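# Residue-level structure breakdown
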Amino acid sequence: MSDSIGPEPYKFKMVEPLRQTSREDRERLIAEAGYNVFNLRAEDVYIDLLTDSGTSTMSQFQWAALLLGDESYAGSRSFFRFQETVTNITGYPYVLPTHQGRGAENILAAMLIQPGSVIPGNMHFDTTRAHIKLKGATPLDLVIAPGLDPEDCHPFKANIDLGRLEGVLQEHGSRKVPFVLITVTCNNNGGQPASMENVRSAAEICRRYRVPLFFDAARFAENCYFIRTRESGYQDREILRIAQEMFSYGDGCVMSSKKDGLVNIGGFMAFSDETLYRQACGLAVIYEGFPTYGGMAGRDMEALSVGLQEVLELPYLRFRIEQVAHLAGRLQEGGVPIVLPPGGHAVYLDARRFAPHIPQREFRGQALVVALYVEAGIRGVDLGPSMFGEEDTATGHEKYPDLELVRLAIPRRAYTNAHMDFVADSILEIYHNRVNLRGLKMVYQTPILRHFTCRFDYA
Ligand SMILES: *Cc1c(COP(=O)(O)O)cnc(C)c1O
């Protein structure tokens, strides 16, 4: 067997037509959208790589499972099936469904975070950062140095810096650090994985300081696939067994089911400890719902139970990761600066090296996102200053993040490799004409998660 990418390990039973627009249409549409692709209508997008969140194609088994949904308010059969599935994968017996990952984050933050708390992690996701800051606490990103270098080919660029973690725990102790959060895989630096060894060592440190360790598990299966292929000792291990070992080092998890749950909505949290779970239930009834449905319909819990099992199947995961690598490889061959090695759910363009002629203050990542839409009808997203930068309210100056990346997230089981080749060809074309890329200025913004609603104009 060759190592090259094989065909999809599934075929299509239902199709959704795509609509091509003209360049003139797209120039008008993006101007009307304030040069923010979140404001476009999805119909006006040809290939939508905005996110891998909630955009998965469900399998025939998931669609069939929907019909088995038990919509009882309390104690529904669908909940118990879901709980059993999550407990089998994570080992955590206490499972609480929520409407999305951020619903779980909200409850975790309300339970454990105080004003002045410090929350160390490898690299917090944007909604996680927002929840921590809303509670008056400080999110700390302690990813290893190679994790911040787009050209460094370290196999586990989401590893947490163990020395710095220990330093933070030594300085602040369990009184100021209510928990440590490891995000697998790490979206902000390229969909990069953490190694089993790193997770195990981080857990040992946390235990010594009596601080619980949680996972943000949105893409846990993709992380486990990287462990299987890159970490010695795991080559012949079932993905399920790898996941079980990883979760065994933590005290619980929050999860956005919209990623590796292979469903379009949902989330959950799970704990090994009953006291934490009881506390979470108390908040869930206010913010989410009764603990056996949380924020989910019974049928959605059924589809999620199936999705969580399908996402661990090797043929699925192998194709998934190789499809992302295929797009990355085509771009790399053409000299396009991307984050290496390619991650699990997306290809990330390095806007700094792609458009060095545009100054940082002119949102070069966003400029690239706009060009991708105008040239080809492709929707990506800027993970640079528009998302992670912020206006310093005291000085009015921008604070810039470490990385300026444009993410092309690949929805699960949705697009073919022919689509990926179209995306690659379009980006190569833009790259050859990159001197024509034009910078932007932000003309409207909100204080929290501004990237969703901000508006731009050409600088
Ligand atoms: C998507 C995501 C979240 C938030 O989940 P939602 O379901 O969008 O609310 C949190 N963490 C990570 C790593 C994510 O990818």
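What counts and what doesn't
Residues numbered from 1 in each chain as written. Predicted model: local features only at pLDDT ≥ 70, side-chain atom pairs only at ≥ 80, totals over all residues. Heavy atoms only, no water. 1 Å grid on protein atoms, 1.4 Å probe; cavity = no way out; pocket = protein on both sides within 12 Å on 5 of 7 lines; lining within 4 Å. Points joined across faces, edges and corners; volume = space filled by probe spheres on them. Helix = DSSP H or I, 4+ residues; strand = E, 2+ residues; numbered from the N terminus. Nonpolar A, V, L, I, M, F, W, Y, C, P; charged D, E, K, R; others polar. Domains from an automatic or database assignment. Buried < 20%, exposed > 50% of the residue type's maximum accessible area, 1.4 Å probe, protein only. Pairing = 2+ DSSP bridges.

## Quick word on the layout of surface pockets
In this structure, the largest pocket occupies an estimated 1600 Å³ of space. If you go around the largest pocket, you meet 40 residues; those closest to its centre are Glu16, Ser56, Thr57, Arg413 and Ala414. Taken together, the elements giving at least two residues each to the lining of the largest pocket come down to helix 2 (60-66) and helix 12 (314-333). Residue contributions to the lining of the largest pocket peak at three residues, all from helix 2. Classifying every residue of the lining of the largest pocket gives 19 nonpolar, eleven polar and ten charged. Counting contributing residues, the lining of the largest pocket receives three or more from each of domain 1 (23-52 + 314-458) and domain 2 (60-310).

## Topic: the pairing of strand 7 (residues 252-256)
Of all the five residues making up strand 7, five are buried; the element is thus mostly covered by neighbouring parts of the structure. Burial of strand 7 is two-sided: the residues Gly252, Val254 and Ser256 facing one way and the residues Cys253 and Met255 facing the other way are all buried. When strand 6 (residues 213-216) meets strand 7, the two strands line up parallel, connected through three bridges. Looking across to strand 7, one finds that Asp216 is bridged to Val254. Where strand 7 and strand 8 (residues 267-271) come together, five bridges link them in antiparallel fashion. Bridging across to strand 8, Gly252 finds its partner in Phe271.

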